[in-house]
Every structure is written in structure tokens, then in C-alpha cells.
Amino acid sequence: MKFLISMHINPAVLDALTDEEKAAIGEGHGAFIEALKKSGELITTQALVDPSQAAVVSVRNGQPVVTDGPFLESKEYLGGFYLIDCENKQRAIELAAQIPDTAIAGLGVEVRQVMFAEGQLEA
């Protein structure tokens, strides 16, 4: 079963962390990635740039309209994700609990099963 573990960032929370705490988060993600690779459960992981660098695209009257910045005004934004393949939701939750962000109040980690991939509904 495939699951998306998404990390939701609150910039105010990150700004309040010490350099040592920020470094520990990075080291924790590095260790987590290596553990997922070793177990064979990692499909991919990606970190995203700040939403201020985003472009929002819509089509109006057949023409694309592009605006700068995030789609939604929010204090939190999607900062990155892990796409994993594991035996069940309980295992996905167990893995998500190892992400260092889960130990910091104000940062969120969400687990959602993949429903549709590569043109096929997931089982």
C-alpha cells in the first residue's frame, strides 16, 4: 500500500527554533531517509520551496492566468513529503512518528493513503 506522508510547515515555529534544533531536524530527516531506504519502503521524498516562490495557474476564457504566491493565504504550508510503500496504515503511522517534525508543537505531519496512481486505482 502506498502512503503520502506530508509535512506542514509553520514559518513562525521554524523561526523560533535555535540553530541546533534546526540542525537536529535536518539530521533526523537524513537518518529517517536512510532507514526507509534500508527497509525498502521509500519510493521518493521531496522538499518544496517557500510558497512565496509559487505560481498559481488557472484558465479563464481559454487563456492561462498566472499569479505569484501561494494558492491559499495560510500560516502553514506544505513543506515536503515522503511517498512510501508499506504493508498498512498502521505501519505508515509508525513511520511518520519517526519524522523529527512530529516532536515540535506547531508543525504537522499527515498520513494519507494513495488512492490513484499511474492510471490505476490502488488496492
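Treat the numbers as computed from the prediction; the structure is a model and nothing was measured.

## Quick word on the environment of Glu34
For step 1, the next point in the chain: Checked against the element boundaries, Glu34 lands in helix α2 (residues 19-39).
For step 2, the next point in the chain: Separated by 34 residues in the primary sequence, Glu34 and Asp68 have C-alpha atoms spaced 35 Å apart.

## Looking at the side chain of Asn10
For step 1, the next point in the chain: With respect to the secondary-structure elements, Asn10 resides in the loop between β1 (2-9) and α1 (11-15).
For step 2, the next point in the chain: Judged by relative accessible area, Asn10 falls into the buried class, the value being 9%.
For step 3, the next point in the chain: A distance of 3.0 Å separates the side chain of Asn10 from the backbone nitrogen of Ala12, its partner in a polar contact.
For step 4, the next point in the chain: Ignoring sequence-local partners within four residues, the contact set of Asn10 consists of Lys75, Glu76, Gly106 and Leu107.

## Some details on the packing of aromatic side chains
What describes a pair of aromatic rings is the distance from one ring centre to the other and the angle between the planes of the rings.
For step 1, the next point in the chain: For the structure on display, the rule yields one aromatic pair.
For step 2, the next point in the chain: Considering the side-chain rings of Phe32 and Tyr82, the 4.9 Å spacing of their centres and the 90° angle between planes classify their relative orientation as edge-to-face. Pair noted here: Phe32 is in helix α2 and Tyr82 is in strand β5 (residues 77-85), with a separation of 50 residues, a long-range link.

## Remarks on the confidence of the model for the chain
For step 1, the next point in the chain: Confidence in the prediction for the chain averages 90 pLDDT; 94% of positions are at 70 or higher.
For step 2, the next point in the chain: Looking across the chain, the model is least confident in strand β8 (residues 120-121), with a mean pLDDT of 70, and most confident in helix α3 (residues 89-96), with 97.

## Observations regarding the nonpolar core
Grouped burial of nonpolar side chains is what soluble globular proteins tend to show.
For step 1, the next point in the chain: Tyr82 and Ile84 are the most contacted members of the largest nonpolar core, which totals 13 residues.
For step 2, the next point in the chain: For this core, the secondary-structure elements that each account for two or more residues are β1, α2, β5 and α3.
For step 3, the next point in the chain: For Ile84, the contacting residues outside a window of four places in its chain are Met1, Lys2, Phe3, Ile5, Leu36, Glu41, Ile43, Ala92 and Leu95.
For step 4, the next point in the chain: Counting five residues, the second largest nonpolar core, distinct from the first, contains Val13, Leu17, Ile25 and Leu107.

## Considering α2
For step 1, the next point in the chain: A rise of 1.5 Å per residue sets the reference length of α2, with its 21 residues, at 30 Å; its end C-alpha atoms lie 30 Å apart and thus fit the reference within 8%.
For step 2, the next point in the chain: Of the residues making up α2, those classed as buried are Ile25, His29, Phe32, Ile33 and Leu36. Buried residues along α2 cover an arc of 100° about the axis, so they all sit on one side. Along α2, the residues that are exposed and aim more than 90 degrees away from the buried face are Asp19, Glu20, Glu27, Ala31 and Lys38.
For step 3, the next point in the chain: Gly40 sits one or two residues past α2 and shows a positive phi near 80°.

Parameters at a glance
- Residues numbered from 1 in each chain as written.
- Predicted model: local features only at pLDDT ≥ 70, side-chain atom pairs only at ≥ 80, totals over all residues.
- Heavy atoms only, no water.
- Helix = DSSP H or I, 4+ residues; strand = E, 2+ residues; numbered from the N terminus.
- Buried < 20%, exposed > 50% of the residue type's maximum accessible area, 1.4 Å probe, protein only.
- Polar contact = N/O pair within 3.5 Å; in protein donor to acceptor, adjacent residues only side chain to side chain.
- Contact = heavy atoms within 4.5 Å.
- Phe/Tyr/Trp six-rings, centres within 6.5 Å; stacked < 30°, edge-to-face > 60°.
- pLDDT = per-residue confidence, 0-100.
- Core = buried A, V, L, I, M, F, W, Y, C linked by side-chain atoms within 4.5 Å.
- Expected span 1.5 Å × (residues − 1).
- Arc of directions from axis to C-beta.

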